[in-house]
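# Reading the structure
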Amino acid sequence: MSNNGHATNGRQSLEEIREQIEYHRALAELQQLQESGTWFDQTRRWQDIDPWGWQKLGPWLPYDRSRHTDGQNAPWVWNETDLDRIRGFANDLATENHIAIGILEHLVNYTISTGFEYQAVPEKRYESDAVAVELAEQVQEVVDEFLDLNAFGEREREACYRRSVDGEALLRSFRQHDHTTLTRFVECEQLRQPLGSPHNYRFGIETHPKDIELALNYAITYDPTDPSDYEEVPADEVTHIKANVRSTVKRGLSDFYCSREAIDGVHKLLKGMMIGGGIQASIAWIEQFEGSPQAAVAANAASQRDTGRTYFSDPVTGKTANWKRFEPGTIPKIGAGRTYIPAPLASNTTQHISIVQACLRAVGNRWGMPEYLVSGDASNANYSSTLVSGAPFVRAVECRQAMFRRYFLRVIWIAIGNAADAGRFYVGSRRITKDEVQHYCDVNATPPQVPISDKTAEAQVDSQDIQAGVMSKQERRRRRGLDNDQMKREIAEEQAEEQQGQGQDPNIKRQAAPVEEAAKGANPFLRVRRA
């Protein structure tokens, strides 16, 4: 086998190769079970399996340390087949279920919005160092180039979506000949354990034999049916975002794993209510014949129908439907023995709606969402308490943003490192290495602020922080989604116009405030780049 994992023996038939693959895979699993002491009859792993294929009922196995051996997440995920099944049904929900689609839209919109903001600045110890300031400006140019080249704001939103649906998102960085860096997603299904690989290569991630959290390589396959066809990618080129698992578990778990039944059940209940209500609404009224045989009723219906129509037998029921047009103002006349009965109404709709709301509240609790975000019913929503600082959903979104910030900065720094290796950074005539860039510069990633309902209270707190020296006006503008440089220019223009209106020379203002102009010239990073 070559370095990239491609088989060198092409004389074997495809069937023989597949047989060997299945044999070695079964042998490896058997050896692992024997070593861990959890070898048992696979047919008794769970006694009942629901239509989804996920619900594992029956007696639980005794807990032991082997459940998380080599990065597995037993008894929920034993192998890559379990991951494929979970991702498959989660993607079905995210594609066909409007409730799941709405939840995902809210998660992405609140967590990522239009994207993070990235600003290269000198490291705190070198804020006044001229070399660090000049180097930070060059780093900012590389960051802006990378963000535009990869449409990174859109990739941030997709990474949030993939993490929720698939339970993980994989971003691979590719160094280009023109010294730029391209970032592309890797499908979760492409991450597979290579054939004949050691136990520390489980689930397609090679980790250090004595440190399961230290990833060394990723095995990315291009033909799922042939595990021998893979590329071994160094961990330095891959950013792996996991969800809903411990740090010692190699692969993530979908957000919908625990809430799939409630979401799908609500969808089925709503569909049944819609179909039943549609059938009942399609009945105009009921005519009741007292003491009349069936043949007489059928004859009467046939005599009342419109004669100008062409009638055909229904291909399913084999019956012919009778039609009669009632023009506006028609007064129907009925004879003796006939009674009009109003159309049936859905008398149990209220109970069904109560069930739907209860299920949606439980579903929303999974993400800390207020009820109206999941159900769309704002009648019971108190906006002043559901979207305030410290509220469960706001806190959950801020925690997600902190997690994404760390992974997105990793991707940014990979691009900066590639640029440094290509010789993009110079101060004077001296080339700056990647280690020196990391030493002298830092990149700040600012997530979008979670919308707060009480803007007045928020403004009062920010004003107090600015007066106390806790927060800068620049940070306040960033929270409001405003461009700092543009705001400073517009404020200066407005002040100049006011001075001209008062008969003053605007140049006096510029001479009277040399400190601000000097500070602006000394700090070229006042601009904030919006994704």
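Just so it is clear, the model here is predicted, and its values are computed rather than measured.

### Thoughts on the packing of helix 4 (residues 130-149) against helix 11 (residues 392-421)
- One way to put it is that helix 4 packs onto helix 11 with a least axis distance of 10 Å and a crossing angle of 120°. In this structure, helix 4 meets helix 11 at a crossing whose hand is right-handed. For the pair helix 4 and helix 11, contact is made by Val139, Val142, Val143, Phe146 and Leu147 and by Val411, Ile412, Ala415, Ile416 and Ala419, respectively.
- Of the residues assigned to the contact of helix 4 with helix 11, the class counts are ten nonpolar, no polar and no charged.

### Examining the packing of aromatic side chains
- Under the criterion given, the structure shown has eight aromatic pairs.
- Between Phe256 and Trp367 the ring centres are 5.7 Å apart and the planes differ by 65°, which places this aromatic pair in the edge-to-face class. One end of the pair, Phe256, is in the loop between strand 7 (238-242) and helix 6 (260-281); the other, Trp367, is in the loop between helix 8 (349-365) and helix 9 (371-375), with 111 residues separating them in the sequence.
- A relative accessible area of 5% means that Trp367 is categorised as buried.
- Put simply, the rings of Phe116, Tyr118, Phe146, Phe152, Phe404 and Phe408 pair up and form one aromatic cluster.
- Over the face of the ring belonging to Tyr257 we find Arg260, whose NZ or CZ atom lies 4.9 Å from the ring centre.
- The ring of Tyr407 has Arg406 lying over it, and the distance from NZ or CZ to the ring centre is 4.5 Å.

### Let's talk about a negative patch on the surface
- Together, Glu490, Glu493, Glu494, Glu497 and Glu498 give the surface a local cluster of negative charge.
- Tracing the backbone shows Glu494 in helix 15 (residues 484-501).

### Let's talk about empty space enclosed by the protein
- By the definition in use, this model includes three cavities of 30 Å³ or more.
- Empty space within the second largest cavity amounts to approximately 50 Å³.
- In terms of lining residues, the second largest cavity is bounded by Val142, Glu145, Phe146, Leu149, His179, Thr180, Thr181, Ala415, Ala419 and Arg424.
- Within the residue set of the lining of the second largest cavity, elements represented by two or more residues are helix 4 and helix 11.
- For the lining of the second largest cavity, the residue count by class is five nonpolar, three polar and two charged.

### Description of a nonpolar patch on the surface
- Taken together, Trp285, Phe326, Ile334 and Tyr340 make up a surface patch of nonpolar side chains, about 340 Å² in accessible area.
- Along the chain, Ile334 falls in the loop between helix 7 (294-304) and strand 9 (338-342).
- For Ile334, a relative accessible area of 37% puts it in the partly exposed group.

Rules of the game
- Residues numbered from 1 in each chain as written.
- Predicted model: local features only at pLDDT ≥ 70, side-chain atom pairs only at ≥ 80, totals over all residues.
- Heavy atoms only, no water.
- Axes fitted to C-alpha atoms, helices over the stretch in contact; angles between N-to-C directions.
- Helix = DSSP H or I, 4+ residues; strand = E, 2+ residues; numbered from the N terminus.
- Left-handed = near helix turned anticlockwise from the far one by under 90°.
- Contact = heavy atoms within 4.5 Å.
- Nonpolar A, V, L, I, M, F, W, Y, C, P; charged D, E, K, R; others polar.
- Phe/Tyr/Trp six-rings, centres within 6.5 Å; stacked < 30°, edge-to-face > 60°.
- Buried < 20%, exposed > 50% of the residue type's maximum accessible area, 1.4 Å probe, protein only.
- Lys NZ or Arg CZ within 6 Å of the ring centre and 35° of its normal.
- Patch = residues over 30% accessible without salt bridge, like charges linked within 9 Å, V, L, I, M, F, W, Y side chains within 5 Å.
- Areas by Shrake-Rupley, 256 points an atom, 1.4 Å probe, with all protein chains shown as cover.
- Salt bridge = Lys/Arg side-chain N within 4 Å of Asp/Glu carboxyl O.
- Lys, Arg positive; Asp, Glu negative; His and termini not counted.
- Charge placed at Lys NZ, Arg CZ, Asp CG, Glu CD.
- 1 Å grid on protein atoms, 1.4 Å probe; cavity = no way out; pocket = protein on both sides within 12 Å on 5 of 7 lines; lining within 4 Å.
- Points joined across faces, edges and corners; volume = space filled by probe spheres on them.

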